[in-house]
There are 2 protein chains.
Amino acid sequence: MQETPKQASLFTAIADIQRRKILNLLKEGELSVAAIKAHFDFSGATLSHHLNVLKQAELVRVRRQGQQRIYTLNLSVLEELLLLMNQLLKGDEHEKP
Amino acid sequence: MQETPKQASLFTAIADIQRRKILNLLKEGELSVAAIKAHFDFSGATLSHHLNVLKQAELVRVRRQGQQRIYTLNLSVLEELLLLMNQLLKGDEHEKP
DNA sequence: ATTTTATTTAGATTATCATCTAATTATCTA
DNA sequence: TAGATAATTAGATGATAATCTAAATAAAAT
């Protein structure tokens, strides 16, 4: 029942609110870095850092498309987990019985 | 679909591995501070700090019993969430179909 | 009442992390 | 090929968080 480094990296990744926002954006669909950047105030370097943390945790995947890089959510156990968390966490207001 | 401060405090609370270990200990049952402390290397002050973070996030509850304080998991939406996370995160090895 | 035990609080230190600017890499276009 | 665009990497800085020691609070036992 030991926690693996990979699992730990997940908790680290979702600890930051900006990264959680990025994940939420990507729920709508894949996005280039520039497209993501449009939603935030911080620099491109900072965004790149956040994306890297998410990538290390395998919460996102990247592919190149010309000079841009397209980020997508890694729709696996981990993504479903986040959706579940979101739903459950919002469960304060209206419990659906 | 805005994240509340309370929800944010949850992510912060589970971001630290020591606090995750504490939560896992408490899954077995309620424990005094001293009993928890026996599992860790750091000081009582540090433990107190971590317990406070968990309490702020309402992941744990405290009651007094003489001179000790007994901590229990807050068995609510949030606790179930953690159990789910744990199960799902471990789901690498053996998917139960 | 004094001492001991359990825990928290205060204040300081250290480590980690988010962020910035500047420089670099890679691709595309004129 | 030169210049423009997209993104990452390097290195520095500031903020936040984990940890420590020492002091404070509170209950129990002697």
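Residues numbered from 1 in each chain as written. Chains lettered and ligands numbered in written order. Predicted model: local features only at pLDDT ≥ 70, side-chain atom pairs only at ≥ 80, totals over all residues. Heavy atoms only, no water.

So, the confidence of the model for chain A
And step 1. Within chain A, residue pLDDT values average 83, and 77% of them lie at 70 or more.
And step 2. Under a pLDDT of 50 for its full length, residues 88–97 of chain A has, in the predicted model, 12 contacts with residues more than four places off or in other chains. (pLDDT = per-residue confidence, 0-100. Contact = heavy atoms within 4.5 Å.)

Topic: the protein's contact with DNA strand C
And step 1. Neighbouring residues of DNA strand C: 22 residues in total, closest Ser43(A), His50(A), Ala34(B), Gln67(B) and Tyr71(B).
And step 2. Counting only the atoms of DNA strand C within 4 Å of the protein, the fraction contributed by sugar and phosphate is 77%.
And step 3. Taking Ser48(B), its side chain carries an N or O atom lying 2.9 Å from a phosphate oxygen of DNA strand C.
And step 4. Within the side chain of Tyr71(B), one N or O atom sits 2.6 Å away from a phosphate oxygen of DNA strand C.
And step 5. Those elements giving two or more residues to the surface near DNA strand C turn out to be helix H2 (17–28) and helix H4 (44–56) of chain A together with helix H3 (33–37), helix H4 (44–56) and strand E3 (68–73) of chain B.
And step 6. Tallying contributions element by element places H4(A) first for the surface near DNA strand C, with four residues.
And step 7. The residue inventory of the surface near DNA strand C, partitioned by class, reads six nonpolar, 12 polar and four charged. (Near = heavy atom within 4 Å. Polar contact = N/O pair within 3.5 Å; in protein donor to acceptor, adjacent residues only side chain to side chain. Helix = DSSP H or I, 4+ residues; strand = E, 2+ residues; numbered from the N terminus. Nonpolar A, V, L, I, M, F, W, Y, C, P; charged D, E, K, R; others polar.)

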